[in-house]
Amino acid sequence: MNATSVAVAIRQLSKRFERGNVQALETIDLDVRPGEFVSLIGPSGCGKSTLLRIIGDLIQPTEGSVLVNGKPARQARIDRDYGIVFQDAVLYDWRTVARNISLPLELAGVDRRRRDARVREMLELVELTGFEKHHPWQLSGGMQQRVSIARALSFSPALLLMDEPFGALDEMTRERLNNELLQIWQETGSTVVFVTHSIAESVFLSTRVVVMSARPGRIAGIVEIDLPQPRGPETRESPRFAEHITEVRRLLRKGHADEAIEGDTEVPLYVAEEGL
Ligand code: ADP
Ligand code: MG
């Protein structure tokens, strides 16, 4: 594939943390096409966040390269090609919801009138119209996370990077936000790279699921999710959904089997964790 027709091109990427002497990622190769929704899934500590941070130019790889829209990650960050959402909403409590969402626009020097218009649009998108004057501490966890998604989307980023954004929420809220996120993804047409440790979440949301193995993080396999769009509650009940879940789970186990061969004695609790 031509590097410029790819949203994210990861080549021979490795990351070693000197502190703790950890080989977090080893020779990762991955292309993400424009408009794709790609999830990274794998056991805790396998390097999902590290990979996402390298894509977002928050940390540097030890070896290899990342191109975003055909340019180095550093340039993509300068060009504001990214919106990033972390597990914790990281909102400013002293700012209202509206002013949290408008913060990146303020920093970029966007004028007041355009900022206000954009904030109104974003509030509508995440269904929080009417809450603009609230403060984050007056909102539920799910609502806070929607504010942080609205903030990440305020720039219409070409690439949305999300690191377990719904990990701290209860299952019902998570499913609702999954539906909303898919709607937003379809409306905005952006590319999403999404980190999760929930098999069901990865299958429900993604066009492709990248399964990672533990220490050092490698790609154990990739599952194409061919569930029809738009997806909804009925998707979760379809036989194909269950088949994809089985496929992902198998690859996760395979990742653990490799690990066991390498002499790791830790019990792979992860695969059973979800009880699916
Ligand atoms: P995941 O997100 O899949 O749970 P991480 O990417 O956070 O995993 O971490 C991968 C590995 O790298 C872990 O062993 C972790 O302890 C280590 N690690 C992550 N960040 C740092 C850091 N800043 N310094 C040293 N080690 C780190
Ligand atoms: Mg992580």
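Predicted model only: the values in this text are computed from it and were never measured. Each chain has its residues counted from 1, following the order in which its sequence is written. For naming, the first written chain is A and the first written ligand is 1, with later ones following in the order written. It should be noted that, the model being predicted, local features are given only for residues of pLDDT at least 70 and side-chain atom pairs only at 80 or more, the latter also being counted only at that level, while totals for whole chains, interfaces and linings use all residues. Excluded from the side-chain calculations are hydrogens and water; all other atoms, namely the structure's heavy atoms, are used.

Novice: An account of the overall build of the protein chain is requested, with residue identities and associated values reported.
Specialist: Secondary structure elements are taken from DSSP: a helix is a run of H or I of four residues or more, a strand is a run of E of two residues or more, and numbering for both begins at the N terminus. The number of helices and strands found in the protein chain is ten helices and ten strands. The atom set for the radius of gyration is the C-alpha atoms, and the globule formula is 2.2 Å times the number of residues raised to the power 0.38. On C-alpha atoms alone, the protein chain measures out to a radius of gyration of 19 Å, which is about the 19 Å that the 2.2 N^0.38 rule sets for 276 residues. Seen through its C-alpha atoms, the protein chain measures out along the principal axes to roughly 60 × 40 × 35 Å. Considering only residue pairs separated by 6 or more positions, the protein chain has 69% of its internal contacts joining residues 24 or more positions apart. The Shrake-Rupley method, run with a 1.4 Å probe, gives the accessible areas here. Residue values count only the displayed protein chains as cover. Approximately 13100 Å² of the protein chain is accessible, and the part contributed by carbon and sulfur atoms is 51%. For this count, His and the chain ends are skipped, Lys and Arg are scored as positive, and Asp and Glu as negative. All charge positions are set by atom: Lys at NZ, Arg at CZ, Asp at CG, Glu at CD. One finds the centroid of the 34 positive side-chain charges in the protein chain at a distance of 5 Å from the centroid of its 39 negative side-chain charges. Whether two residues are in contact is decided by their heavy atoms, any of which lying within 4.5 Å being enough.

Novice: So what's going on with the packing of aromatic side chains? Residues and values would help.
Specialist: Any pair of Phe, Tyr and Trp rings, taking the six-membered ring for Trp, is counted once the centres come within 6.5 Å. Such a pair is stacked with planes under 30 degrees apart, edge-to-face with planes over 60 apart, and tilted for the rest. For the coordinates displayed, the defined rule picks out four aromatic pairs. Plain terms: the ring middles of Phe-37 and Phe-194 are 5.7 Å apart, the flat faces sit at 45° to each other, and that makes the pair tilted. Here the residue Phe-37 occupies a position in strand β3 (residues 37-41), and Phe-194 occupies one in strand β8 (residues 191-196), the gap between them amounting to 157 residues. Three exposure classes are used, based on accessible area relative to the maximum for each residue type with a 1.4 Å probe and protein chains only: buried under 20%, partly exposed in between, and exposed over 50%. Classification of Phe-37 by relative accessible area gives buried; the value is 0%.

Novice: Residues and numbers for the site of ligand 1, please.
Specialist: Near, as used in this document, describes a residue that has one of its heavy atoms within 4 Å of the molecule or strand being considered. Every residue close to ligand 1 is listed here: Phe-17, Arg-19, Val-22, Ala-24, Pro-43, Ser-44, Gly-45, Cys-46, Gly-47, Lys-48, Ser-49 and Thr-50. Within the side chain of Ser-49, a nitrogen or oxygen atom sits 2.8 Å from an oxygen atom of ligand 1. Under this definition, polar contacts are N or O atom pairs within 3.5 Å; protein pairs additionally need one hydrogen-donor-capable and one acceptor-capable atom, and for neighbouring residues in sequence, both atoms have to be side-chain atoms. Separating an oxygen atom of ligand 1 from a side-chain N or O atom of Thr-50 is a distance of 2.5 Å. Relative to its unbound accessible surface of 560 Å², ligand 1 loses 67% to contact with the protein. When contributions to the shell around ligand 1 are tallied by element, the ones reaching two or more residues are β2 (22-32) and α1 (48-55). Of the residues forming the shell around ligand 1, the biggest block, three residues, is contributed by α1. A class-by-class count of the residues in the shell around ligand 1 yields five nonpolar, five polar and two charged. For this classification, the nonpolar set comprises Ala, Val, Leu, Ile, Met, Phe, Trp, Tyr, Cys and Pro, the charged set comprises Asp, Glu, Lys and Arg, and every other residue, Gly included, is treated as polar.

Novice: So what's going on with the layout of surface pockets? Residues and values would help.
Specialist: For the largest pocket, the calculated volume is near 620 Å³. Every residue lining the largest pocket is counted, 20 residues in all, and those nearest its centre are Tyr-82, Gly-83, Ile-84, Pro-104 and Ala-152. For the lining of the largest pocket, the domains that each give at least three residues are domain 1 (1-81 + 158-276) and domain 2 (91-156). The definitions used throughout rest on a 1 Å grid laid over the protein atoms alone, on which a cavity is an enclosed set of points accommodating a 1.4 Å probe that cannot get out and a pocket is an open set flanked by protein within 12 Å on both sides along at least five of seven lines; lining residues are those having an atom within 4 Å of a point. Grid points are joined across faces, edges and corners, and a volume is the space filled by probe spheres set on the points. As used throughout, domain bounds are those supplied by an automatic or database domain assignment.

Novice: Can you tell me about the domain arrangement of the protein chain, naming the residues and giving the values?
Specialist: In terms of domain boundaries, the protein chain breaks down into domain 1 (1-81 + 158-276) and domain 2 (91-156). Between the C-alpha centres of domain 1 and domain 2 there is a distance of 26 Å. On the side of domain 2, 13 residues touch domain 1, which itself brings 15 residues to the contact. Summing both partners gives a buried area of about 1100 Å² for domain 1 against domain 2, and 68% of it is carried by carbon and sulfur. Together, Arg-80, Glu-180 and Ile-184 form the three largest contributors to the area buried by domain 1 at its contact with domain 2, with a combined 41%. Summed over both partners, the accessible surface that disappears when two parts come together, traced with a 1.4 Å probe, is what is meant by buried area.

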